[in-house]
Every structure is written in structure tokens, then in C-alpha cells.
Amino acid sequence: MEDFSDIINLDNLYKSSKTFKRNKPFKHAFIEEIFHRDFYEKLYNTYPEINEKFTLVNSISKIQYWRGWDKRKDVENGISNNKEDPSLSKEWNKFLRYIMTDEFASHFREFSGINVTNICDCGFAAYKKGGFQLPHIHNVGPSTLVMLFYFSKGWQKGDPGGTYCAYEDDESKIFFEPYNLDNSMIIFHDGPLAAHGARYITKDVTRQAFAINIE
């Protein structure tokens, strides 16, 4: 059995479990140093170049570069058929194998108290200057966790780009926005109150992230 113990910093994950479970109006937490730093640096240094493998999602509600997989649609790809993706580093291939295991799901079941079992979709989600996502609520639960792992160094506190949480699907109702996008993660329980989005990016920067929905 493959050893995945060098990936997620489980101590930091579980330290935030109580905070996640008690937060209102929906369960959420922001976790820093979510990866073991050595493994994170390898992921960061090999985050894929935004090229033709990414789709530019350009709509009224968002502008985002996306390269993803959707298991619910049985898309054949390097994750679902357990093959290496030669366009990604060995560390990214290892991480993708890991998130498809029950070991990964079991940690987030224990962390959240929510009976999640399988990844339903995941992918690289990046914004550049002009990128944004309007506040919205998926409400596809009731047993869905949404996670965004960040891979952007030097992010300035107060700058837009991190996925925020809001009291309503209204940007004026933001109550939390990530301030550190270097080896951090925001996670929330999807539901009728789980409003979130990303403010319009005005600087010439790229917000690199990896998104996971697990249910």
C-alpha cells in the first residue's frame, strides 16, 4: 500500500476540527500549513502552466481558468482510471491518487463529522487579473464538503482572490476572506447558507488553487 503520510499535515487539520464544527452560519475553517512544507514546495513548483489544457470559464458570474475532472460523469482521465498523467509532476500524480482513497475521505469524515465518502469532482482553479466569481450558493448537499487548497506566495493581506465566505449571496455580506494563499486551505460544508465567491482581481497576479468537492 502506498504511503501518503508525507502529504497532508494532519496535526494542523485536526486542530481546526472544533472550529469547523461550531462556526456559523455554516461550518467552515481556514487552515494554514495544510500540507507538509516539503511536499507543498514540490506541488507549488510544479503547479501546471495555464495553457490549452485549461478551459477559460468566461461568464456573467465568473472568469476562471479550470482544469478538472468530474467522477459523476465518468470522465476517463488520469485520476479515475488510476493512470499517471504525464503532463503533471510525480508529486501531483501522488496527490491525485491520494485524494481518491478512503484514507483521504476518512480523515475529512473525522475532521468534519460529515459522512463523506468519495470525491465527486476536483481540479485546478486559477484566476488572473480580471478574474472573479460572484457570490453564490451551491446547496447540493447535505453531505458535501468544498475545499480549496492555495498555491500562491506573496499574497497581500486584503487583496482579492481567495474564496470568501458571506452571510448571503451578496459581496457586501462577506465575513471571512483568506489572507494567506501560501500552503493554506478553506473548507466549508455546502448547504442553503453556504454563500461564497471571489472578489475581482485588479493586480497582475495569478491565484493558483486546487478545488475538491467530496460527498
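See the structure above.
Here is a short report on the structure shown in this document.

Definitions and cut-offs
Residues numbered from 1 in each chain as written. Predicted model: local features only at pLDDT ≥ 70, side-chain atom pairs only at ≥ 80, totals over all residues. Heavy atoms only, no water. Helix = DSSP H or I, 4+ residues; strand = E, 2+ residues; numbered from the N terminus. Buried < 20%, exposed > 50% of the residue type's maximum accessible area, 1.4 Å probe, protein only. Contact = heavy atoms within 4.5 Å. Salt bridge = Lys/Arg side-chain N within 4 Å of Asp/Glu carboxyl O. Axes fitted to C-alpha atoms, helices over the stretch in contact; angles between N-to-C directions. Parallel < 35°, antiparallel > 145°, perpendicular 65-115°, else oblique. Left-handed = near helix turned anticlockwise from the far one by under 90°.

**Describing the environment of Pro25**
With respect to the secondary-structure elements, Pro25 resides in the loop between helix H2 (17-22) and strand S1 (28-32). For Pro25, a relative accessible area of 29% gives the class partly exposed. Once the C-alpha coordinates of Pro25 and Ile7 are considered, the two residues, 18 residues apart in sequence, prove to be 30 Å apart. Aside from chain neighbours lying at most four places away, what touches Pro25 is Tyr167, Phe175 and Leu193.

**What about the pattern of salt bridges?**
For the structure shown, the criterion picks out 11 salt bridges. As a salt-bridge pair, Arg199 and Glu177 come within 2.9 Å of each other at their nearest N and O atoms. Pair noted here: Arg199 is in the loop between strand S10 (195-198) and strand S11 (207-214) and Glu177 is in the loop between strand S8 (174-176) and strand S9 (182-189), with a separation of 22 residues, a long-range link. For Arg199, a relative accessible area of 22% translates into the label partly exposed. Judged by its relative accessible area of 19%, Glu177 is buried. What emerges from the salt-bridge pattern is a single network uniting Glu33, Arg37, Glu41, Lys153 and Asp182.

**Things to note about the packing of helix H3 (residues 37-45) against helix H4 (residues 90-99)**
Interhelical geometry of H3 versus H4 gives an angle of 115° and a closest axis separation of 8 Å. Of the possible angle classes, the one that applies to H3 and H4 is roughly perpendicular. At the point where H3 passes H4, the crossing takes the left-handed sense. Along the contact surface, H3 presents Phe39, Lys42 and Leu43, while H4 presents Glu91, Trp92, Lys94 and Phe95.

Scope: geometric values only; no functional claims are made or implied.
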